[in-house]
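Residues per chain, in single letters:
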Amino acid sequence: MKVGSLDRIGLRRKPKQERSIQRLDLILSAAETIIAEKGVNAMRMTELAIAANVPIGSVYQYFPEKAAIVKALFDRNASAIQYKIANAFSDVTSVDHALEVLASTIDWHYDDYRNDAAYLGIWMGTETDQDLLKLNIEHSGRIAGIFHDTVRRIAPELANADMEARTYLFSHLLGASIRLAVVTEASLARRILDEWKNVIRTSFFAPVAA
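These numbers come from a predicted model, not from an experiment.

Quick look at the overall build of the protein now. Scanning the protein for helices and strands turns up nine helices and zero strands. Beginning at the N terminus, the succession of helices and strands in the protein can be written as α-α-α-α-α-α-α-α-α. Based on the C-alpha atoms only, the size of the protein along its principal axes is roughly 60 × 35 × 30 Å. The burial tally for the protein puts 46% of its 210 residues in the buried class. The long-range share in the protein, meaning contacts at least 24 apart out of those at least 6 apart in sequence, stands at 73%. Accessible area of the protein: about 10900 Å², with a carbon and sulfur share of 54%.

So, in structure tokens, the structure goes:
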């Protein structure tokens, strides 16, 4: 895939009429099915048009290339994840409670990816393209923002620049650990995640070094 312009991974046009919206949904739904079966790299635009039962011109009417389809699907999933995590942390009232929510976040995130091949394929697909990888990193940054806002609320004495860096790092490592676990044999995957939870419990709210 080419690199360097966000135009290449954005929608060429945003549908306004109901018929156009439905056609776009058909294309994205078909893309999810193909990605679940074959992965992002094996998906072809002509194959996608056939699966969606739309002319190939309709696919290119919205998406300049395959990376734009991956972005559209990733944006939809990322928004849902961010909403779910923000909602989970909105009621956190203590450090212990925050650690419990972090652990449960790891569990449901892992289960979602383990049980949804399209979900995993879209996420993995962002790592093969530098422009899409930037989106994934931005997603980690938004999750980090939720973590840091929680720290400011329940442990304001820790909410400094170093903690901002820590929440950003932990957010990115959370995603990386889940991706590793998903492609690992199930019993080992659970042990990997348990180890990661132990790291979080002992170090996430540890005092920042002076």
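Additional details are given in the paragraphs that follow.
A word on the pattern of salt bridges. As a working rule, side chains carrying opposite charge can pair if their charged atoms are close by. According to the stated counting rule, one finds ten salt bridges in the structure shown. Put simply, aspartate 194 and lysine 197 hold a salt bridge, and the shortest N to O gap is 3.9 Å. Here the residue aspartate 194 and the residue lysine 197 both occupy positions in helix H9 (residues 186-203), the gap between them amounting to three residues, near one helical turn. Given the relative accessible area of 41%, aspartate 194 is considered partly exposed.

Moving on: the packing of helix H1 (residues 18-38) against helix H4 (residues 66-90). For the pair H1 and H4, the least separation of the axes is 10 Å and the interaxial angle reads 95°. The angle between the axes of H1 and H4 places the two elements in the roughly perpendicular class. The residues of H4 that touch H1, namely those facing Leu28, Ala31, Glu32 and Ile35, are Ile69, Ala72, Leu73 and Arg76.

Tallying each qualifying case throughout the model produces seven aromatic pairs. Look at phenylalanine 170 and phenylalanine 204: their rings are 5.2 Å apart centre to centre, the planes differ by 80°, and that puts the pair in the edge-to-face class. Taken together, the residues phenylalanine 170 in helix H8 (residues 161-182) and phenylalanine 204 in the segment after H9 connect sequence positions 34 residues apart. An identical accessibility class is assigned to phenylalanine 170 and phenylalanine 204; each is buried. An aromatic cluster of three or more residues is present, and its members are Phe89, Phe147, Phe170, Trp196, Phe204 and Phe205. Of note, lysine 84 hangs over the ring of tryptophan 108, and the distance from its end group to the ring centre comes to 4.0 Å.

A positive phi angle, near 60°, is found at asparagine 53, a position not held by glycine. Here asparagine 53 is to be found in the loop between helix H2 (45-52) and helix H3 (56-62).

What follows is about the confidence of the model for the protein. Of the residues in the protein, 95% reach a pLDDT of 70 or more, and the chain-wide mean stands at 90. Looking across the protein, the model is least confident in helix H6 (residues 117-125), with a mean pLDDT of 85, and most confident in H2, with 96. Of the regions scoring below 50 in pLDDT, residues 1-5 engages in 15 contacts with residues more than four places distant in sequence or in other chains.

With that settled, consider a nonpolar patch on the surface. On the surface, a nonpolar cluster with roughly 240 Å² of combined accessible area is contributed by Leu133, Ile137 and Tyr168. Of note, tyrosine 168 is situated in helix H8.

Across its 22 residues, H8 extends 32 Å between first and last C-alpha, which sits within 8% of the 32 Å expected from 1.5 Å per residue. Burial in H8 covers these residues: Met163, Arg166, Thr167, Phe170, Ser171, Leu174, Gly175, Ser177, Ile178, Arg179, Ala181 and Val182. One side-chain oxygen of the residue at the start of H8 lies 3.1 Å from the amide nitrogen of aspartate 162, identifying that residue as asparagine 160.

Closest axis-to-axis distance for the H1/H2 pair is 9 Å, and the angle between their directions is 120°. Looking at the two axes, H1 sits oblique to H2. Crossing geometry of H1 relative to H2 is assigned as right-handed. Across the interface between the two elements, Leu26, Ile27, Ala30, Ala31, Ile34 and Lys38 of H1 pack against Glu47, Leu48, Ala51 and Ala52 of H2. Class assignment for the residues of the contact of H1 with H2 results in eight nonpolar, no polar and two charged.

Criteria and cut-off values
- Residues numbered from 1 in each chain as written.
- Predicted model: local features only at pLDDT ≥ 70, side-chain atom pairs only at ≥ 80, totals over all residues.
- Heavy atoms only, no water.
- Helix = DSSP H or I, 4+ residues; strand = E, 2+ residues; numbered from the N terminus.
- Buried < 20%, exposed > 50% of the residue type's maximum accessible area, 1.4 Å probe, protein only.
- Contact = heavy atoms within 4.5 Å.
- Areas by Shrake-Rupley, 256 points an atom, 1.4 Å probe, with all protein chains shown as cover.
- Salt bridge = Lys/Arg side-chain N within 4 Å of Asp/Glu carboxyl O.
- Axes fitted to C-alpha atoms, helices over the stretch in contact; angles between N-to-C directions.
- Parallel < 35°, antiparallel > 145°, perpendicular 65-115°, else oblique.
- Phe/Tyr/Trp six-rings, centres within 6.5 Å; stacked < 30°, edge-to-face > 60°.
- Lys NZ or Arg CZ within 6 Å of the ring centre and 35° of its normal.
- pLDDT = per-residue confidence, 0-100.
- Patch = residues over 30% accessible without salt bridge, like charges linked within 9 Å, V, L, I, M, F, W, Y side chains within 5 Å.
- Expected span 1.5 Å × (residues − 1).
- Polar contact = N/O pair within 3.5 Å; in protein donor to acceptor, adjacent residues only side chain to side chain.
- Left-handed = near helix turned anticlockwise from the far one by under 90°.
- Nonpolar A, V, L, I, M, F, W, Y, C, P; charged D, E, K, R; others polar.

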